[in-house]
Amino acid sequence: MTAIAAGGRGSGSRVAPVRRIRDVLRARILTGVYGTRPLPSEAELAAELGASRNIVRDVLALLRVEGLVDRIPGVGTFVVSGKAVQGLDRLRGLAESFDTGCERVVNQVLLADTVPATPTVAERLELAPGTEVVALERVRLLDGQPLSLDASYLPADIGRPLLEMDLARHDIFGLLEGELGLPLGAAALSIEAIAADRTVADLLRVADGFPLLFLERLTYTDAGRPIDLEFVRFRGDRMSLAGWLHRTPDPLLNHPSTERG
């Protein structure tokens, strides 16, 4: 494996320091340490982080490729945009995760109609295959730029009233609870990394094969009925997911084995 393929340029001896320092600077950028100020110079970063200027230069190049920083000749290196962070420790819609006082989240509604449920959708929503469901497809914009492509499926009796509501400026969760009086309880969630195909890439304004976070979420009412199946494709350069994880005892690990070797 070459040094570049492993995550840095130059000799193999620089690969590990490049990864380590990239993670440090990346964390600072995403937590807003530098704000709108330029990053320290290469020499200042090298002295602070105990690395050579060549290593710092490689790190900044990687961050530019990731779209987090850009260099203005004669001025310095600036943060282009930090990633939006959505918490995973509480069930909430996208707009609930951000300050929406300035309408930061806007939806481009691509589809809002009834369709026959595919086998997968029917299974998740505990319906018979072919049962009519409401399908919603939206490009979610954060601060005017595409953040995700969301496809949602709801049982027809739940979803039909949503077709008459303002889907461009409201989260589905907010409409379900606030307008329809359906308190939500919990959701089953899975996340994986995928590449954008051409159709998705065009909608999210990225290149074919661009890295995406793919989230599948099945939300239940507090009474335990599955009512909202979502397939969400987040742009990998604009979104990160975060949460608190609590360690609890595993009864299988702590239970004395009755078997003898």
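Rules behind the numbers
Residues numbered from 1 in each chain as written. Predicted model: local features only at pLDDT ≥ 70, side-chain atom pairs only at ≥ 80, totals over all residues. Heavy atoms only, no water. Phe/Tyr/Trp six-rings, centres within 6.5 Å; stacked < 30°, edge-to-face > 60°. Helix = DSSP H or I, 4+ residues; strand = E, 2+ residues; numbered from the N terminus. Buried < 20%, exposed > 50% of the residue type's maximum accessible area, 1.4 Å probe, protein only. pLDDT = per-residue confidence, 0-100. Contact = heavy atoms within 4.5 Å. Core = buried A, V, L, I, M, F, W, Y, C linked by side-chain atoms within 4.5 Å. Expected span 1.5 Å × (residues − 1). Arc of directions from axis to C-beta.

- The name given to the protein in an unreviewed UniProt entry is GntR family transcriptional regulator, and the organism recorded there is Streptomyces akebiae.

1. Re the packing of aromatic side chains
Item 1. Applying the stated criterion across every chain yields a total of 2 aromatic pairs.
Item 2. Here Tyr153 and Phe231 contribute two aromatic rings whose centre-to-centre distance is 6.2 Å and whose plane-to-plane angle is 70°, an arrangement assigned as edge-to-face. Taken together, the residues Tyr153 in strand S6 (residues 145–155) and Phe231 in strand S9 (residues 226–235) connect sequence positions 78 residues apart.
Item 3. Its relative accessible area of 14% is what places Phe231 among the buried residues.
Item 4. Here Phe214 and Phe231 contribute two aromatic rings whose centre-to-centre distance is 6.2 Å and whose plane-to-plane angle is 10°, an arrangement assigned as stacked. You can see Phe214 sitting in strand S8 (residues 211–221) and its partner Phe231 sitting in strand S9, a full 17 residues away along the chain.

2. As for the confidence of the model for the protein
Keep in mind that low pLDDT regions are not for reading the predicted coordinates in detail.
Item 1. Per-residue pLDDT for the protein averages 83, and the proportion of residues at 70 or more is 82%.
Item 2. In the model of the protein, strand S3 (residues 84–87) stands out as the element of lowest mean pLDDT, 63, in contrast to helix H5 (residues 156–159), which has the highest, 96.
Item 3. Per-residue pLDDT stays below 50 along residues 1–11; that stretch engages in 18 contacts with residues further than four places along the chain or on separate chains.

3. Focus on the nonpolar core
Item 1. By size, the foremost hydrophobic cluster in this structure holds 17 residues, and its most contacted members are Ile21, Leu25, Val59 and Leu63.
Item 2. If you list the elements that add at least two residues to this core, you get helix H1 (15–30), helix H2 (42–49) and helix H3 (53–66).
Item 3. What Leu25 contacts, discounting residues up to four positions off in sequence, is Tyr34, Leu45, Leu49, Val59, Leu60 and Leu63.
Item 4. Judged by nonpolar contacts, the second largest core, of 12 residues, contains Val134, Leu136, Ile172 and Leu176.

4. Some remarks on H1
Item 1. Look at H1: 22 Å from first C-alpha to last across 16 residues, which is about the 22 Å you get at 1.5 Å a residue.
Item 2. Where H1 is concerned, the buried positions are Val15, Val18, Ile21, Leu25 and Ile29. Seen end-on, H1 carries its buried residues on one side only, within an arc spanning 130°.
Item 3. Residues of H1 that are buried make contact with H2, H3, strand S1 (69–72) and strand S2 (76–79).
Item 4. Two residues or fewer past H1, Gly32 is found with a positive phi of approximately 80°.

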